[in-house]
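Understanding the architecture of this molecule
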Amino acid sequence: MYGTEQTMSQKYTGDLRETTQYKAGNVEINIAKHSGYCWGVQRAYDQTVATAKTTEGPVYTYGPLIHNPQTIDELRNVYGVNYVNGPEDLEVGTVVVRTHGVPPEIQEQLRQKGVNVIDATCPYVRVTQNYAALLLKQKYHVVIIGDPKHAEVISILAYAKGEGTVIHSMEDIDRIPKNKRRLGVVVQSTLILEKVNKIVNALLARAQEVRVFNTICYVTTERQEDAESIALSNDHVLVIGGKESSNTKKLAIVAELHGARAMLIESEADIDFSKLVNAKRIGILAGASTPNWLIDKCKDRLVEHFSAVVAAA
Ligand code: SF4
């Protein structure tokens, strides 16, 4: 650990959270404790690599395994694992279902074709899928708070047999059929709690009964708390992760909401040093699908740059 002094532009409601700290020239770099692959992503990655090493014939993932281009490249180039976009894209071999899950009918279609299916759906997403099925069975109209285009939400909706309504913003609430008075709610794992609270409150005003399963993943909560703490104790924040990664984008939003200048980058090549000229403390956040080696590369690039700036002065 390095240093103790912290400058706070706003009062942080929790304790300052543990970081790994580095000194580079006159700049301090603080990496959030919870950075890099979460448990569910590590599990899916390990399953895919183990499958590629031990299975005869081609191995695919169903859609990109996770939203991180470097990991997708690594799976392709090192382990020979490509991804397919639908059952029509393959006839034989083994397919690993990604962390976000897929509709059950797709798994069935694959099995009927004779494809070997390895299910790497994150168990937390599986719980949400099961809640959606349970709510449907108990005659609730299923409401999924989340992004309708996200693979996780598409898979959850399929477990409600496509009969639910996806709510992405307050404006979508009117899309719930007027005659549906018993609402059963589940939530995309990466959402921000404040947004969910607002939508649930609005649902209470239009239904007789609202049953809510808070299915925001603990990983999301943990990292959003880190994002708040990092934003309040650093003058600049780098958020490392795939541009398609929902949880990475949310970290940048949370950091900006707490006053930080957040720079969303996919790799060290994206660091825009012209925006870091006056930096004294740089915080680093990374999404749940960002590999640790990539975080190290970004940190090393910062150390190299700011050490060189001091050496040249
Ligand atoms: S963020 Fe949570 S739900 Fe998503 S893969 Fe990781 S552990 Fe699973």
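The structure this text deals with has already been given above.
Every residue gets a number counted from 1 within its own chain, in the order that chain's sequence is written. In view of the model being predicted, local features appear only for residues whose pLDDT reaches at least 70, and side-chain atom pairs are presented and counted only at 80 or more, with totals across whole chains, interfaces and linings using the full set of residues. Heavy atoms throughout the structure, all of them, feed into the side-chain values; hydrogens and water do not.

**Side note on the nonpolar core**
When a protein is soluble and globular, its nonpolar side chains tend to lie buried together. In this description, a nonpolar core means a group of buried Ala, Val, Leu, Ile, Met, Phe, Trp, Tyr and Cys residues linked to one another through side-chain atoms lying within 4.5 Å. Each residue is placed in one exposure class: buried if its accessible area under a 1.4 Å probe, protein chains only, is under 20% of its type's maximum, exposed if it is over 50%, and partly exposed if it falls in between. Core analysis: the largest hydrophobic core is formed by 20 residues, its most contacted members being Ile-240, Leu-276, Ile-282, Leu-302 and Phe-306. A helix here means a DSSP run of H or I that spans at least four residues, while a strand means a run of E at least two residues long, and both kinds are numbered starting from the N terminus. Of all the secondary-structure elements, those providing two or more residues to this core are strand S2 (27-32), strand S11 (236-240), strand S12 (261-265), strand S13 (281-286) and helix H9 (292-312). Top contributing element to this core by residue count: H9, with 5 residues. We call two residues contacting when some pair of their heavy atoms lies within 4.5 Å. In contact with Ile-282, other than residues within four places in its own chain, are Val-27, Glu-28, Ile-29, Asn-30, Asn-234, His-236, Leu-238, Leu-276, Leu-302 and Phe-306. Counting residues in hydrophobic clusters, the runner-up holds 17 residues, among them Val-49, Val-59, Cys-217 and Ala-288.

**Points about the sheet that holds strand S8 (residues 165-167)**
Read from one edge of the open sheet, 4 strands run S8-S7-S9-S10, paired in parallel fashion. Either end of the sheet is taken by a strand with one partner, and the two such strands are S8 and strand S10 (209-212). When strand polarity is set aside, the average angle formed by the axes of neighbouring strands in this sheet is 25°. Two strands qualify as a pair provided that DSSP identifies no fewer than 2 bridges between them. Here strand S7 (residues 141-145) pairs with strand S9 (residues 182-187) via 5 bridges, running parallel. Paired with Ile-145 across the two strands is Val-187, which belongs to S9. Where helices are involved, their axes are fitted lines through C-alpha atoms of the stretch in contact, as for all axes, and angles between N-to-C directions lie from 0 to 180°. Contacting S7, S8 and S9, helix H5 (residues 151-159) crosses the sheet at an angle of about 175° to S7.

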